Amino acid sequence: MAEDEAVDPVQPEFPRGRVKKIMKLDKDINKVNSEALLLISCSTNLFLQFLAERSAEVATEKKKKTVKLDHLRTAVKRHRPTSDFLLDSLPMPSEPTQSVARTVADRDRSRPVSDKPAPAGTRRIDQFFRKTGNEAPVQINDA
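Residues numbered from 1 in each chain as written. Predicted model: local features only at pLDDT ≥ 70, side-chain atom pairs only at ≥ 80, totals over all residues. Heavy atoms only, no water.

Per an unreviewed UniProt entry, the protein carries the name Transcription factor CBF/NF-Y/archaeal histone and comes from Corchorus capsularis.

So, in structure tokens, the structure goes:
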């Protein structure tokens, strides 16, 4: 390395304080050295870049523009060292809850009000005006 070359200091992209707090969550760690903090921050950044690139490749293979959890899970499964420790931490793919909730809401919205069940412990107002089977009809004489 020549003396006239300027070396740019490495600046991690993650906040040092937050990384330090996460590291101290481990009960075995009392103090965090600044060099260790820098190495952990840089290695985390490289690892996340790796995961993002692999997940984007999977999404591109499936002809999708948005990277989703399934793409991330596939990328992790393909890389054996990563899958050994990370696959158990990723949430399991589930049914799309938002679309299920949306279809239930659409179904309830399209039903007439009288067909919708009343909340527990309440009655519908039209029940007050219904005639029961044993009531005689009321006749009004216009005289």
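1. Examining the packing of helix α1 (residues 16-24) against helix α2 (residues 34-61)
Between α1 and α2, whose axes approach to 10 Å, the crossing angle comes to 95 degrees. One way to sum up the angle between α1 and α2 is to call them roughly perpendicular. Along the contact surface, α1 presents Arg-16, Val-19, Lys-20 and Met-23, while α2 presents Leu-37, Ile-40 and Ser-41. Residues that form the contact of α1 with α2 fall into these classes: four nonpolar, one polar and two charged. (Axes fitted to C-alpha atoms, helices over the stretch in contact; angles between N-to-C directions. Helix = DSSP H or I, 4+ residues; strand = E, 2+ residues; numbered from the N terminus. Parallel < 35°, antiparallel > 145°, perpendicular 65-115°, else oblique. Contact = heavy atoms within 4.5 Å. Nonpolar A, V, L, I, M, F, W, Y, C, P; charged D, E, K, R; others polar.)

2. What to know about unusual backbone geometry
Backbone geometry at Lys-63 places phi at a positive 60 degrees, although glycine is not the residue there. Here Lys-63 is to be found in the loop between α2 and α3 (69-78).

3. Looking at the packing of aromatic side chains
The way to describe two aromatic rings as a pair is by their centre distance and the angle between their planes. Enumeration over the complete set of coordinates arrives at one aromatic pair. Judged by centre distance (6.0 Å) and plane angle (35 degrees), the rings of Phe-47 and Phe-85 are tilted. Of the two residues, Phe-47 is situated in helix α2 and Phe-85 in helix α4 (residues 80-86); the sequence distance between them amounts to 38 residues. On the basis of relative accessible area, Phe-47 is assigned to the partly exposed category, the value being 27%. (Phe/Tyr/Trp six-rings, centres within 6.5 Å; stacked < 30°, edge-to-face > 60°. Buried < 20%, exposed > 50% of the residue type's maximum accessible area, 1.4 Å probe, protein only.)

4. Details of the side chain of Ser-55
Here Ser-55 shows up in helix α2. Given a relative accessible area of 2%, Ser-55 falls into the buried group. If we ignore the near neighbours within four places in the chain, the residues touching Ser-55 are Val-67, His-71, Leu-72 and Ala-75.

5. Describing the environment of Val-67
Along the chain, Val-67 turns up in the loop between α2 and α3. Separated by 12 residues in sequence, Val-67 and Ser-55 place their C-alpha atoms 6.5 Å apart. Among residues more than four places away in sequence, those in contact with Val-67 are Ser-55, Ala-56 and Ala-59.

6. Comments concerning α3
Each full turn of the α-helix corresponds to 3.6 residues, which orients residues three or four apart in the same direction. Looking at α3, one finds that the buried residues are His-71, Arg-73, Ala-75 and Val-76. Looking at the buried residues of α3, the elements they touch are α2 and α4.

7. Examining the packing of α2 against α3
At their nearest, the axes of α2 and α3 sit 8 Å apart, and the two run at 115 degrees to each other. On the basis of their axis angle, the class for α2 and α3 is roughly perpendicular. Like other packed secondary-structure pairs, α2 and α3 cross with a definite hand, here right-handed. Where α2 abuts α3, its residues Leu-51, Arg-54, Ser-55, Val-58, Ala-59 and Glu-61 lie against His-71, Leu-72, Thr-74, Ala-75, Val-76 and Arg-78. Counted by class, the contact of α2 with α3 contains six nonpolar, three polar and three charged residues. (Left-handed = near helix turned anticlockwise from the far one by under 90°.)

8. Looking at the pattern of salt bridges
Charged atoms that come close allow side chains of opposite charge to pair. Tallying each qualifying case throughout the model produces two salt bridges. In this structure, the salt-bridge partner of Arg-78 is Glu-61, at a minimum N-O distance of 3.0 Å. Of the two residues, Arg-78 sits in helix α3 while Glu-61 sits in helix α2, which places them 17 residues apart along the sequence. Classification of Glu-61 as partly exposed rests on a relative accessible area of 49%. (Salt bridge = Lys/Arg side-chain N within 4 Å of Asp/Glu carboxyl O.)

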